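# Tertiary structure, described
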Amino acid sequence: MRLSIERMTYGPDAIAHTEDGKCVFVSGAIAGDVVEAELVSDGKSFAKAKVTEVIEPSPARVTPTWPLATVLGCAPWACMEREAQLAAKRANVVDALTRVGHMADADELVRDCLAPSDAWHYRNKAELAFVRDGRHATLGMYAADGATVIRVDEFPLLDVPAKGRDAKLVKNVSGALSYLASSHELEIERVGIRRSSRTKDVEIAIWTPAGAFPRGQAKRVLEATHATSLVRVMTKGPSKARKIAGVERLDGAGSWSERIAGNVMRLSAPSFFQVNTKGAEKLVELVIDALDPQEDDIAMDLYSGAGTFTLPLAQRCDFVDAVESYGPAVRDLRRNLEEARLDNVDAVGGDAGREFPDDDADVIVVDPPRAGLADDVVSQLSDQPARAIAYVSCDPATLARDLARFREIGVFEPVSVTPVDLFPQTFHVETVTKLVRK
């Protein structure tokens, strides 16, 4: 079928309509293309198709400099110029607020999408997938189908120099651990590589099931990477509900550090940190601008992680209540506070709803996971006397749902939603919403 592509989805596909008005989700297309597409599935309310030929390319279509960009699943928007990506991300946020949150003023609330980093070489982290075929093991990245693993020698989204010892970091890690896994019939779940262009730290984290592991050999084959930290993260349990059984330092510091917003944060391999450091700094800037913290304020930081927002709030406020449910992140938060010599934070481990702070907050930041805020957390936040809330979200749909809940309760009102492009070449977008007391 011939289709005229109308817009991008919050996903790798684009949207078109057939002559009879049926919605078609099209893979391999971007907004503005006219394509020939092959039907993949045909449901009652929508169909799915994949591009077989681009007949008339969109004015926003570009040819990626990385040949694997169109093959792998990590850069689904790489065929679209950056300005078009930014416009599409803003449009997706507006669409979610309108469609999910039923917010008639969505277009007025949502600001232009900010682009704090380069379009390539912006990530401080890469993840390699593992696959075994008999005795032969391969480390690489998932193809667009989400199942096939392809060996990669470079990853242009990772912040590495064009020359120097870290230029071939991904290739060296992939080759060394593919050899180790093949020769020792070793099972690896995945491998994380973190690199900071600011602190020069490089950490390699090998995720494996608990059990025997060739520690000495792993250290030797990875010597050429000059990693400042080499760790093994041991897991247990069924594949869909793995839990961390422990982290073993194989060589070096046993942790990774990054410099952000004037602070140095140290993180263990399991702890979450935004993969775009410049983007994370922009989030901090937007949160601080939204809250305008004062030196006598009590601040609250829910889903605090290792302290991305906790540290700058503690440096500006009288006291901060920080709550985080993930054990390794809580330990990292406490260490980061100690190293920053900040003693005005109560860092609590536990669920945000059950461990909701007793203090009355003047300003609040929430940075929940993709699932957003639980109903009881929205209610408890609405009971606070705070003058402002900064809501950091990685999912427009759950953000829209939660903002609708805030409006229904009627205490806090969203006044701005700022999209931030932390993930160029992908459909993902981060947002910072400012809510103020009505």
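See the structure printed just above.
Glancing now at the packing of aromatic side chains. The final tally for this structure, using the stated rule, is five aromatic pairs. Between Phe-25 and Phe-46, the ring centres sit 5.4 Å apart and the planes meet at 90°, which makes this aromatic pair edge-to-face. Of this pair, Phe-25 sits in strand S4 (residues 23-27) while Phe-46 sits in strand S6 (residues 46-56), and the two are 21 residues apart along the sequence. Note on Trp-256 and Phe-273: the rings are 6.1 Å apart at their centroids and 65° apart in plane angle, and the pair reads as edge-to-face. With Trp-256 in strand S14 (residues 256-260) and Phe-273 in the loop between strand S15 (263-267) and helix H5 (277-291), the pair connects residues that are 17 residues apart, well separated along the chain.

On inspection of all chains with the given rule, the structure shows two cavities of 30 Å³ or more. In this model, the largest cavity occupies a volume close to 60 Å³. Together, Lys-125, Glu-127, Arg-190, Gly-192, Ile-193, Arg-194, Glu-203, Ala-205, Trp-207 and Ala-269 line the largest cavity. Elements represented by at least two residues in the lining of the largest cavity include exactly strand S7 (125-133), strand S10 (190-195) and strand S11 (202-209). Among the residues making up the lining of the largest cavity, the classes are represented as four nonpolar, one polar and five charged. Forming the boundary of the second largest cavity are Ile-260, Ala-261, Asn-263, Met-265, Gly-307, Thr-308, Leu-311 and Pro-312. Only S15 and helix H6 (310-314) provide two or more residues apiece to the lining of the second largest cavity.

The next thing to look at is the sheet that holds S11. Taken together, seven strands build an open sheet; the order of strands is S9-S8-S7-S10-S11-S12-S13 and the sheet is mixed. Here the strands that pair on one side only, and so sit at the sheet edges, are strand S9 (149-150) and strand S13 (243-252). For S7 and strand S8 (residues 136-142), the ladder comprises five bridges, and the chain directions are antiparallel. Bridge assignment links Ala-129 to a residue of S8, and that residue is Gly-140. Lying on the sheet, helix H3 (residues 169-183) is in contact with S7, S8, S10 and S11; it crosses S8 at an angle near 145°.

Moving on, we get to the sheet that holds strand S19 (residues 363-366). Spatially, S18-S17-S16-S19-S20-S22-S21 is the arrangement adopted by the seven strands of the open sheet, whose pairing is mixed. Both edges of this open sheet fall to strand S18 (345-349) and strand S21 (412-420), since each of them pairs with a single strand only. Shown here is a sheet whose adjacent strand axes are inclined to one another by a mean of 15°, direction ignored. Alignment of strand S17 (residues 319-324) against S18, held across five bridges, turns out to be parallel. Note on S18: the bridge partner recorded for Val-323 is Val-348. Seen against the sheet, helix H7 (residues 327-339) touches S17 and S18 and runs at an angle of roughly 165° to S18.

A separate point is the packing of helix H1 (residues 82-99) against helix H9 (residues 396-409). Look at H1 against H9: their axes get within 8 Å of each other, and the N-to-C directions meet at 40°. It follows that H1 is oblique to H9 by the angle criterion. The element H1 and its partner H9 pack so that their crossing is right-handed. Contacts between H1 and H9 involve Asn-92, Val-93, Ala-96 and Leu-97 on the former and, on the latter, Pro-396, Ala-397, Leu-399, Ala-400 and Leu-403. Considered class by class, the residues forming the contact of H1 with H9 number eight nonpolar, one polar and no charged.

Thresholds applied
- In this convention, every chain numbers its residues from 1, walking through the sequence in written order.
- Per-residue local features of the predicted model are confined to residues with pLDDT of at least 70, and side-chain atom pairs are confined, for both listing and counting, to 80 or more; whole-chain, interface and lining totals are unaffected and use all residues.
- As a rule here, side-chain values come from all non-hydrogen atoms in the structure, and water together with hydrogens is ignored.
- Each aromatic pair joins two rings of Phe, Tyr and Trp (for Trp, the six-membered one) with centres within 6.5 Å, and gets the label stacked for planes under 30 degrees apart, edge-to-face for over 60, and tilted for any other angle.
- The way it works is that DSSP assigns letters per residue, a run of H or I at least four long becomes a helix, a run of E at least two long becomes a strand, and they are numbered from the N terminus.
- Cavities and pockets are defined on a 1 Å grid built over the protein atoms alone: a cavity is a set of grid points where a 1.4 Å probe fits but cannot escape, while a pocket is an open set with protein on both sides within 12 Å along at least five of seven lines, and lining residues are those with an atom within 4 Å of any such point.
- Grid points are joined across faces, edges and corners, and a volume is the space filled by probe spheres set on the points.
- Polarity classes work like this: nonpolar for Ala, Val, Leu, Ile, Met, Phe, Trp, Tyr, Cys and Pro, charged for Asp, Glu, Lys and Arg, and polar for all others, with Gly in that last group.
- Each pair of strands is called paired provided DSSP finds at least two bridges between the two strands.
- Residue contacts are counted whenever heavy atoms from the two residues lie within 4.5 Å of one another.
- Axes, fitted as lines to C-alpha atoms, cover a helix only where it is in contact. Angles between the N-to-C directions of the axes lie from 0 to 180 degrees.
- Oblique is the label for every angle not falling under 35 degrees (roughly parallel), over 145 degrees (roughly antiparallel), or within 65 to 115 degrees (roughly perpendicular).
- Note: crossing handedness is left-handed where the near helix turns anticlockwise from the far helix by less than a right angle, and right-handed where it turns clockwise.

Purely geometric numbers; function is a separate question.
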